[in-house]
Amino acid sequence: MIRRFLHLYWRMKRGMTLGVRGVVLRGGEVLLVRHGYTPGWHLPGGGVEPGETFEAALAKELLEEGNIRIKGTPALHGLFQNRNASSRDHVAVYVVRDFDHGGPLAPTFEIQEAKFFSLNALPEDTTQSTRRRLAEILEGLPPPAQW
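Just so we're clear, the structure is a prediction, and the values are computed from it rather than from any experiment.

(A) Representation of the environment of valine 30 in the model. Within the element layout of this structure, valine 30 appears in strand E2 (residues 29-35). Valine 30 gets classed as buried once you look at its relative accessible area, which sits at 0%. For the pair valine 30 and lysine 115, spaced 85 residues apart in sequence, the C-alpha separation works out to 8.2 Å.

(B) Spotlight on the packing of aromatic side chains. A complete count under the given rule lists four aromatic pairs for this structure. With centroids separated by 5.5 Å and ring planes inclined at 85 degrees, the aromatic side chains of phenylalanine 80 and tryptophan 147 adopt a geometry described as edge-to-face. Here the residue phenylalanine 80 occupies a position in strand E6 (residues 75-81), and tryptophan 147 occupies one in the segment after helix H3 (128-139), the gap between them amounting to 67 residues. Neither phenylalanine 80 nor tryptophan 147 differs from the other in exposure class; each is buried. Taking the ring centre of phenylalanine 116 as reference, the NZ or CZ of arginine 26 above it sits at 3.8 Å. One cation-aromatic arrangement involves arginine 133 over tryptophan 147; the distance from NZ or CZ to the ring centre is 4.9 Å.

(C) Fine view of the pattern of salt bridges. One pass over the full model with this rule turns up seven salt bridges. For arginine 26, the salt bridge identified is with glutamate 29, shortest N-O distance 2.9 Å. Each of Glu52, Lys60 and Glu61 takes part in a single network of salt bridges with overlapping partners.

(D) View of the nonpolar core. If you look at the biggest cluster of nonpolar residues, it comprises 15 residues, and the most contacted ones within it are Val23, Leu25, Val30, Leu32, Val93 and Leu122. Secondary-structure elements contributing two or more residues to this core are strand E1 (17-26), E2, strand E7 (89-96) and H3. Looking at which element gives the most residues to this core, the answer is E7, with three residues. Setting aside its immediate chain neighbours within four residues, valine 23 contacts Val30, Leu43, Val93, Tyr94, Val95, Val96, Leu134 and Ile137. Membership of the second largest hydrophobic core comes to 13 residues, among which are Leu58, Ala92, Phe99 and Phe116.

(E) Fine view of H3. In this model H3 runs 16 Å from its N-terminal to its C-terminal C-alpha over twelve residues, within 8% of the 16 Å that 1.5 Å per residue would give. Its buried side turned inward, H3 meets E1, E2, strand E3 (41-42), E6 and E7. Positive backbone phi, at 70 degrees, marks glycine 140, one or two positions downstream of H3.

(F) Just the environment of glycine 36, in detail. Along the chain, the position of glycine 36 falls in the loop between E2 and E3. Separated by 107 residues in the primary sequence, glycine 36 and proline 143 have C-alpha atoms spaced 28 Å apart. With sequence-adjacent residues up to four places away left out, glycine 36 is seen in contact with Phe109, Glu110 and Gln112.

(G) View of helix H2 (residues 54-66). The first and last C-alpha atoms of H2 sit 17 Å apart over 13 residues, in line with the 18 Å expected at 1.5 Å per residue. A positive phi of about 60 degrees marks asparagine 67, the residue just after H2.

Definitions and limits used
- Residues numbered from 1 in each chain as written.
- Predicted model: local features only at pLDDT ≥ 70, side-chain atom pairs only at ≥ 80, totals over all residues.
- Heavy atoms only, no water.
- Helix = DSSP H or I, 4+ residues; strand = E, 2+ residues; numbered from the N terminus.
- Buried < 20%, exposed > 50% of the residue type's maximum accessible area, 1.4 Å probe, protein only.
- Phe/Tyr/Trp six-rings, centres within 6.5 Å; stacked < 30°, edge-to-face > 60°.
- Lys NZ or Arg CZ within 6 Å of the ring centre and 35° of its normal.
- Salt bridge = Lys/Arg side-chain N within 4 Å of Asp/Glu carboxyl O.
- Core = buried A, V, L, I, M, F, W, Y, C linked by side-chain atoms within 4.5 Å.
- Contact = heavy atoms within 4.5 Å.
- Expected span 1.5 Å × (residues − 1).

Next comes the structure, spelled out in structure tokens:
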């Protein structure tokens, strides 16, 4: 009973969580990652740590997940509330076009695979939120407030 109360209290009082995702575009291709802990292909990214900027978190996550080194300045596509995770979760999505790719990385539990796919031939199990972000960017649509 006390444990349940503490969990509820923590959920109500904890601060906002911040994340970042990168839409890494190369010609007519996009970089997607497949996690070891959740199904589907996703945009690479992760959490923003205390004291870390969105851009620093993006650079760290792209290097760790896709061996991508950002060269230019990424463009902010939008800020989203991600109610799928929590009403307190927010994600910044950046478009990255200027980068170096160091080649494929060995699979880990977190990232089993990172791969460039043709924008016209995404894997069947690409997540709907990934497909929506790509459509917004490629069609010049304004991003919605919700993930």
